[in-house]
Amino acid sequence: MAIDKKNMKVVNNKTHSLDGKALMQGKGKYTDDLAEQNSLVIKILRSPHAFAHIKSIDVSEAQKLNGVALVLTYKDVPHVSFSRAGQGYPEPSPHDKFILDEYVRYVGDEVAMVAAIDERVAEDALKLIKVEYEVLEPVLDFETAYENKSVIHPEDGIKEMFPIGFDPKKNVAASYEMHVGDVEKELAKSDVVVDETFYTQAQAHAMLETHSSNARLDMHNRLVIYSSTQTPFHMRRIMATTLGLPVSKIRFIKPRVGGGFGGKQAFHGEMFCALTTLKTGLPSKLVYTREEVFGASYTRHPMRIQMRIGAMKDGRINAIDCRSLSDTGAYGEHALTVFMIVGSKVLPLYNKVDAVRFGGRVVYTNHVPAGAYRGYGAIQGNYALESTIDILAEKLGMDPKEIREKNSMKEKETSPIFEIMGEGTKGTAMIMESCKLPYCIKRGAELINWNKNWPRVKVSDTKVRGYGMAIAMQGSGIPFMDMGSCSIKLNDGGSYNVTVGATDIGQGSDTLIAQIVAEELQTSVDNILVYSSDTDLTPFDCGAYASSTTYISGNAAWRAAIKMRERLIKEAAEYLGEKPENVEFDGKIFTSKDKTVSLYDLSVQWLYNKNLHQASVTESYFGHVSPPPFMAAYAEVEVDLETGEYEVLNYVTVTDCGTTINPMLARGQVEGGIVQGLGMACYEDVKYDKKGNLLSNNFLSYHIPTHKEIHKLTSEFADSYEPTGPFGAKSVGEIGIDTPPAVICNAIYNATGVRVHTLPITPEKILKGLKELKK
Amino acid sequence: MLVKFYLNDTLVSYDVRPDEYLSETLRSHGIKSVKVGCNESTCGSCTLLLEGKPVMSCSVLTASIENKHVTTIEGIQEEAAKIAYHFAEEGADQCGFCNVGYALVVYALKKNIKNPTDEQINDYIVGNLCRCSGLHSQLKAIKAYLKEE
C-alpha cells in the first residue's frame, strides 16, 4: 500500500546530512586519523615488471636496518588463494590471488612488505631488498589474451567457487553466454541492421581518501582493524578464512570513509596490517600513496563491446546481439559480475525485442587489476547500446527520442533477461511496479528544448552546439543475496539508538536511515542516534555496493522501526489497561480514550521503576526483486570545429528512483555520478607504456573533472513510488554514472558528424574525425 | 630543528626534521583535521592558510614558516559551520574528505576578493578536487555563502 508522500514529515523532506557540519569543521575521524600513535608503518615493495617470476629474494640487509620490525615475502605468508573482491559467500570471483606470491603479474604487484618505526625507515628498507626476477612475456593487449602463449596464472591452488567459466590456462577468468529467441533469424528478418563496436577505458575511482587501514591487538588479544572499507563484514569473513583465524578473533570498524565508488569494496592493505600486528604484537598502519591508488589498487574493467541491432522500418526493434570482451587485468576480482551487468542492467531497457543474445569472455592481462566501480558493467554497456540506438535511429530516419519512447520499458512490463541473468548466478523474474521512464524522457526533452534544438544549433562559423540523449536503468541490490539489518534501542527520555551494518562511505546512508526510522516513529532525526558498521557492535549488512543501501538497508531500518512502534504501543496499552488497537501514538504521547502516558515517562520507568526491561528490536531484510531506477539524460555540448575542443554546457537528467528519501542527498548521488561519468566520457585517459607501466598515475596525468569543466547540471526527479521499497524508495547511487559516455558521444555526433567509438572522447579524436569527413 | 610559528594565533614550537612538510608536522602533533589526499600538491585536500593565503600544506616545508601565521579549520570553526550550512542546502556535501580544504579556500576567497565572478570563483577553487559531488552544487553553495554579510 502506497503511503501518501504529502503525509511524510521527515522522509522526502529536506534534511541536512547528519555529519556534514562536523566534517566541514574537521571533526570527522577517518581511518588514518584513528591509527595508534606509535603504529609501525607498512610499505610495499612493488614489481617493476609487468610479468615476472621471482627467482630469488634476499631481505637480510633490509631486516638488519635499524628501525625495521618485520619483512615479509611470499615465503612467510599463508599460501591460501582468495579473492580480494569483498563479496558475499561463496564469491562469484575466482580465488586467484595470494597475499604474496612468487609470480608478479603487473607493474605494481606486491613483492614484499616492510614494517618499520616510521615511513622513512620503511622506504629505506625497501631499497635494500634484493630481488632477482625471471622476466616473462607480458600480455598487454586484451584482444590477444585468449589462448596466448603467455599464461598469466600458471600456478596451482587457484579455483572458482562455483562454475563461472574460469579457464586460467587460456587466460580466461570468467565467461558467460545467454540468449532468448533466435537472434540470427530476427536480425535476418529486420529491415535495418546496425553493427557497431565500442571500446571503454580503465577508469580510476580517484576517491580523495586513499586506501587506508590500521591494526592493533586489544586487551583480549583480538585483532581490531580500522579500515576505509565498503564491506566490513565481508572483510572479517575473508580475512578469517585466509589467515586461518576464527571470526571471533577479528573486529572490523569502519569510521568515516572518504569516498569509495566500489574501489573500497575490496581488500587493499588490510591483510598486511593484520599479519604485521599478529606477528609483532604491535599496532601497524598502511596508507596507500596516490600513485599506489592509481597503479596498484583497482580500475574499471576496460571492454570491447559489439552491438548488433535489428529493427523494422516502423522503428520496432526486433533483436539485440551483444558480444563483449572484458579485461580484468592481473586478477579476476568481479570478473563475471561486471561482465554480466553489461547485459543484465542494460539490455532490458528495450524489452519488446523478439530475441536477445549476450556473451563473451573476461580475460586476464598484465594490467592493473580491474574491480568494482560504481555502475560497473552498466556504463560500458550503456555507452555501446545507447550510441548504437542513435545510429539505428538515423538509419531509420527517426528522432532518437521517438525510437526510445517506442521501444523502451514501461510500467507493469518485464523482460525475460531478469529471470535469466543475476550477478554471477541466475536472476529473478520481476515486473516493473514503478517505471516512469516515459515521463523522464518527455520531461528531459522539455528541459533541454529538444524539439527546437536537436540535432544541432550553429553558433558561429567555427562553433556548433550538439544535443544528445540516452536512457538508463540500474537495480536495487541483489535479490536473495544482499542482506541488511538494523537494531533499534529505546533510551530513557525517548531517543533511539539505531545500529546498522549499512556502510556510510560519504553517500549519506546514516542520514537516510535516521530519516526512515524517524518517519516511522514520528520523531525528528535529532532523536535518532545512528551508529554504523562495526562488526562487534552493529548487526550484519552486506555493505555499500550494488545500489543496495537505500533499498536493502533502508527496508531493514523501516521494518525495525515498524516493529519498535508496534512493541511500544503494545507495552503502552498494557500500562494503560487497554487493547493495543485502541492506543494511538504520535511519537511522544500514547492515548487511549481519556487516558494518556508519555514515551518519556514510560522509557524512564522501564529502566528504573516498573516493568524493568530494555526495549529493543532487530530486523533484517533481503530483496525478492531488484527494482531498477530509471533515467533519461540529455546534454548540450558546444564544439569548436577548428580544434575539436568541446564543453558540456548543460547536462539534464530526470530520474525515477521512487521516493527520494532525502531529496538533496539523492541529487548529490545523481550529480556526483554524472560528473564521474563525464570524466569517463570526456577526460579520464588511461595510458600505459609498451612495457606495461601505467603513465596516468597522478592527478596531473589523469584528469578528473574540476570546477573548470563542469558548468550547469539540471537534475529533476519523477514522481514515483516503488511498492516494495522503504516509503516507496529505490536505489539512486549508481544510475547517475551510466549515461554520460553515450550522451556525449551522441551529442558530439549530432554537432559534427563524427562518431567516436573509443573512450574518452578527446578533441584529438574529434579533430581526426572532422579531417576524415572532409576527405 | 626547532620551528616557532603561530597556529591559529597561538605561538607553538615544534621539533621537526629539516625535510618535514607542514601537513606531516601538524598531523603528527594530533591535528588530524589536515587531510592528505595525494601528498604531491595536486588535490587540495590539505589546504591551510599561511599568512591568510591558501597553500597546500603537503608541499610547504615546516622549516620555512618560522614566525608565520598558520590557520587550520580549528581557527575558523564558525565560518566552517556557515559554509557547511550552504553545502547542505545545495546537497553538495558527501564524504567530507575534501571539505576542510574547501572551507579554508572559500573563507580565503571571501576575505581576499570582493564580489567575485563565477570565473574568479572557479579559478580560486579549481585546485581543490572533489570526486563525490556534482561540483555545480558546490559553486551554488559557495555563492550563497559569499553573499552572506
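Here, residues in each chain are numbered from 1, in the same order as that chain's written sequence. Lettering for chains starts from A, numbering for ligands starts from 1, and both go in the order in which the items are written. Per-residue local features are limited, in this predicted model, to residues with pLDDT of at least 70; the limit for side-chain atom pairs, both in listing and counting, is 80 or more; totals at the level of whole chains, interfaces and linings are taken over all residues. To obtain the side-chain values, all non-hydrogen atoms of the structure were used and water was disregarded.

1. Re the overall build of chain A
Here's step 1: Within chain A, the regular secondary structure consists of 19 helices and 27 strands.
Here's step 2: Accessible area is worked out with a 1.4 Å probe on protein chains only. A residue is then buried under 20% of its type maximum, exposed over 50%, and partly exposed in between. Across the 775 residues in chain A, those meeting the buried criterion constitute 66%.
Here's step 3: Two residues qualify as a contact provided that any one of their heavy atoms is within 4.5 Å of a heavy atom in the partner residue. A separation of at least 24 residues holds for 79% of the contacts in chain A among residues at least 6 apart in sequence.
Here's step 4: Only carbon and sulfur atoms are counted for the fraction: they give 51% of the accessible area of chain A, which is about 26,800 Å².
Here's step 5: Asp and Glu count as negative and Lys and Arg as positive, but His and the ends of the chain are not part of the count. By convention, charge coordinates are those of NZ in Lys, CZ in Arg, CG in Asp, or CD in Glu. Computed over 86 positive and 97 negative side-chain charges, the separation of the two mean positions in chain A equals 1 Å. Each helix corresponds to a stretch of at least 4 residues labelled H or I by DSSP, and each strand to a stretch of at least 2 residues labelled E; elements are numbered beginning at the N terminus. Residue-level accessible areas treat just the shown protein chains as cover; the underlying method is Shrake-Rupley with a 1.4 Å probe.

2. What about the packing of aromatic side chains?
The geometry of an aromatic ring pair is captured by two quantities: the separation of the ring centres and the angle between the planes.
Here's step 1: Ring pairs shown here join Phe, Tyr and Trp side chains whose ring centres sit within 6.5 Å, with only the six-membered ring taken for Trp; geometry is labelled stacked below 30 degrees between planes, edge-to-face above 60, and tilted in between. For the structure on display, the rule yields 16 aromatic pairs over all chains.
Here's step 2: Ring geometry for Y30(A) against F97(B): centres 5.1 Å apart, planes inclined by 90°, an arrangement best described as edge-to-face. With one member in each of two chains, Y30(A) in the loop between helix 1 (20–24) and strand 1 (40–46) and F97(B) in the loop between helix 2 (77–89) and helix 3 (99–112) form a pair that bridges those chains.
Here's step 3: Exposure remark for Y30(A): the relative accessible area of 2% places this residue in the buried category.
Here's step 4: Taking relative accessible area as the criterion, F97(B) reaches 5% and is therefore assigned buried.

3. Quick look at the domain arrangement of chain A
Where the parts come together, the accessible area they lose is often given as the size of the interface.
All names here are of chain A.
Here's step 1: Looking at the assigned domains, one finds that chain A contains domain 1 (5–25 + 483–622), domain 2 (35–136 + 208–259 + 263–296) and domain 3 (303–478 + 625–774).
Here's step 2: Buried area: the accessible surface (1.4 Å probe) lost by two parts on joining, summed over both. Both sides of the domain 1 and domain 2 interface together cover about 1,600 Å² of buried area, and 50% of this is carbon and sulfur.
Here's step 3: Salt-bridge detection follows one rule: a side-chain nitrogen of Lys or Arg within 4 Å of a carboxyl oxygen of Asp or Glu. Counting across the domain 1 and domain 2 interface gives six salt bridges.
Here's step 4: Note that D19 is salt-bridged to R256, the shortest N-O span being 2.5 Å.
Here's step 5: The term polar contact refers here to a pair of N or O atoms within 3.5 Å; inside protein, the definition further demands a hydrogen-donor-capable atom paired with an acceptor-capable atom, and it admits residues adjacent in sequence only when both atoms are side-chain atoms. On the surface where domain 1 and domain 2 come into contact, there are 13 residue pairs in polar contact (both at pLDDT 80 or more). In this entry, domain limits derive from an automatic or database-based domain assignment.

4. So, the domain arrangement of chain B
Residue and element names in this part refer to chain B.
Here's step 1: Domain annotation for chain B reports domain 1 (2–74) and domain 2 (76–147).
Here's step 2: Distance between the C-alpha centres of domain 1 and domain 2: 21 Å.
Here's step 3: Domain 1 puts 18 residues into the contact, and the matching count from domain 2 is 17 residues.
Here's step 4: The junction of domain 1 with domain 2 conceals about 1,300 Å² of combined surface from both sides, 66% of it contributed by carbon and sulfur atoms.
Here's step 5: Considering only the surface of domain 1 that becomes buried against domain 2, T47, L49 and I73 emerge as the three largest contributors, covering 37% of it.
Here's step 6: The interface formed by domain 1 and domain 2 contains zero salt bridges.
Here's step 7: At the boundary of domain 1 and domain 2, one finds five residue pairs in polar contact (both at pLDDT 80 or more).
Here's step 8: Secondary-structure elements contributing two or more residues to the side of domain 1 that touches domain 2 are strand 3 (47–50) and strand 4 (53–56).
Here's step 9: Nonpolar residues are Ala, Val, Leu, Ile, Met, Phe, Trp, Tyr, Cys and Pro. Charged residues are Asp, Glu, Lys and Arg, and all others, Gly as well, are polar. The class makeup of the residues in the side of domain 1 that touches domain 2 is seven nonpolar, nine polar and two charged.

5. What to know about the pairing of strand 23 (residues 595–598) of chain A
Residues and elements named next belong to chain A.
Here's step 1: We treat two strands as partners when DSSP finds at least two bridges between them. When strand 22 (residues 589–592) meets strand 23, the two strands line up antiparallel, connected through four bridges. What sits directly across from T591, in strand 23, is T596.
Here's step 2: Where strand 22 folds back onto strand 23 in an antiparallel hairpin, the turn is made up of two residues, including K593, whose phi is positive at roughly 50°.

6. Considerations on the interface of chain B and chain A
Here's step 1: The interface is formed by 54 residues belonging to chain B together with 56 residues belonging to chain A.
Here's step 2: Summed over both partners, the interface of chain B with chain A buries about 4,300 Å², with 54% contributed by carbon and sulfur atoms.
Here's step 3: Counting every contact that joins chain B to chain A gives nine salt bridges.
Here's step 4: Between D33(A) and R27(B) there is a salt bridge, with the nearest N and O atoms lying 2.7 Å from each other.
Here's step 5: Our enumeration of links across chain B and chain A arrives at 26 residue pairs in polar contact (both at pLDDT 80 or more).

7. Some details on unusual backbone geometry
Residues and elements named next belong to chain A.
Here's step 1: The omega torsion of the bond from Y89 to P90 falls at -5°, within 30 degrees of zero and hence cis.
Here's step 2: With respect to the helices and strands, P90 occurs in the loop between strand 3 (68–72) and strand 4 (103–104).
Here's step 3: Following L759, the chain continues into P760 via a peptide bond in cis, with omega recorded as -5°.
Here's step 4: Mapping P760 onto the fold places it in the loop between helix 18 (740–752) and helix 19 (763–774).
Here's step 5: Residue F261 is not a glycine yet carries a positive backbone phi of 60°.
Here's step 6: Assignment of secondary structure puts F261 in the loop between strand 11 (250–253) and helix 6 (270–280).
Here's step 7: The class of F261 is buried, set by a relative accessible area of 11%.

8. Digging into the sheet that holds strand 22 of chain A
Residues and elements named next belong to chain A.
Here's step 1: Ordered by their spatial adjacency, three strands build an open sheet running 21-22-23, and the pairing between neighbours is antiparallel. The outermost strands of the open sheet, each flanked by one partner alone, are strand 21 (584–585) and strand 23.
Here's step 2: Direction of pairing for strand 21 relative to strand 22: antiparallel, over a ladder of two bridges. The partner of F585 across the bridge, within strand 22, is F590.
Here's step 3: Geometry is summarised by axes, namely lines fitted to C-alpha atoms with helices restricted to the contacting stretch, and by angles between N-to-C directions that run from 0 to 180 degrees. This element, helix 16 (residues 599–608), spans strand 21, strand 22 and strand 23 of the sheet and lies at about 65° to strand 23.

9. Observations regarding the sheet that holds strand 27 (residues 712–717) of chain A
All names here are of chain A.
Here's step 1: Strand order in this open sheet of five strands is 16-17-25-26-27, and the pairing throughout is mixed. Taken across any chain shown, the strands that pair with only one partner, and hence form the sheet edges, are strand 16 (456–458) and strand 27. Taking each pair of neighbouring strands and ignoring which way they run, the sheet shows an average axis angle of 15°.
Here's step 2: Relative to strand 17 (residues 463–473), strand 16 is paired through three bridges, and the arrangement is antiparallel. Bridge pairing in strand 17 links R456 to G466.
Here's step 3: Helix 10 (residues 400–407) rests against strand 17 and strand 25 (630–640) of the sheet, and its axis sits at about 10° to strand 17.
Here's step 4: Packed onto the sheet, helix 18 meets strand 16, strand 17, strand 25 and strand 26 (646–656) and runs at close to 150° relative to strand 17.

10. Structural notes on the side chain of R290(A)
Here's step 1: Looking at the element boundaries, R290(A) is found in helix 7 (residues 290–296).
Here's step 2: No salt bridge forms around the buried R290(A); measuring N to O, its nearest opposite-charge neighbour E40(B) is 6.2 Å away.
Here's step 3: Filtering out sequence-adjacent residues up to four positions away, R290(A) remains in contact with A206(A), M207(A), L208(A), E209(A), T210(A), N697(A), F699(A), G37(B), C38(B) and E40(B).

11. Quick notes on the nonpolar core
Here's step 1: Residues belong to one nonpolar core when they are buried, are Ala, Val, Leu, Ile, Met, Phe, Trp, Tyr or Cys, and are joined through side-chain atoms within 4.5 Å. The biggest cluster of nonpolar side chains holds 210 residues, and the ones touching the most others in it are M239(A), I320(A), Y646(A), Y651(A), I744(A) and F5(B).
Here's step 2: If sequence neighbours within four positions are ignored, Y651(A) has contacts with A633(A), Y634(A), A635(A), I674(A), L678(A), K712(A), L713(A), T714(A), T739(A), P740(A), V743(A) and I744(A).
Here's step 3: The next biggest cluster of nonpolar side chains, apart from the first, holds 46 residues, and it includes M8(A), I528(A), V583(A) and A729(A).

12. Some remarks on the pattern of salt bridges
Here's step 1: Scanning the model with the defined rule gives 67 salt bridges over all chains in all.
Here's step 2: Between E386(A) and R404(A) there is a salt bridge, and its shortest N-O distance comes to 2.6 Å. Here E386(A), found in helix 9 (residues 378–396), pairs with R404(A), found in helix 10; they are 18 residues apart in sequence, far enough to count as distant. The pair formed by E386(A) and R404(A) is uniform in burial state, with each residue classed as buried.
Here's step 3: Where salt bridges share partners, they join D32(A), D33(A), K285(A), R27(B) and K35(B) into one cluster.

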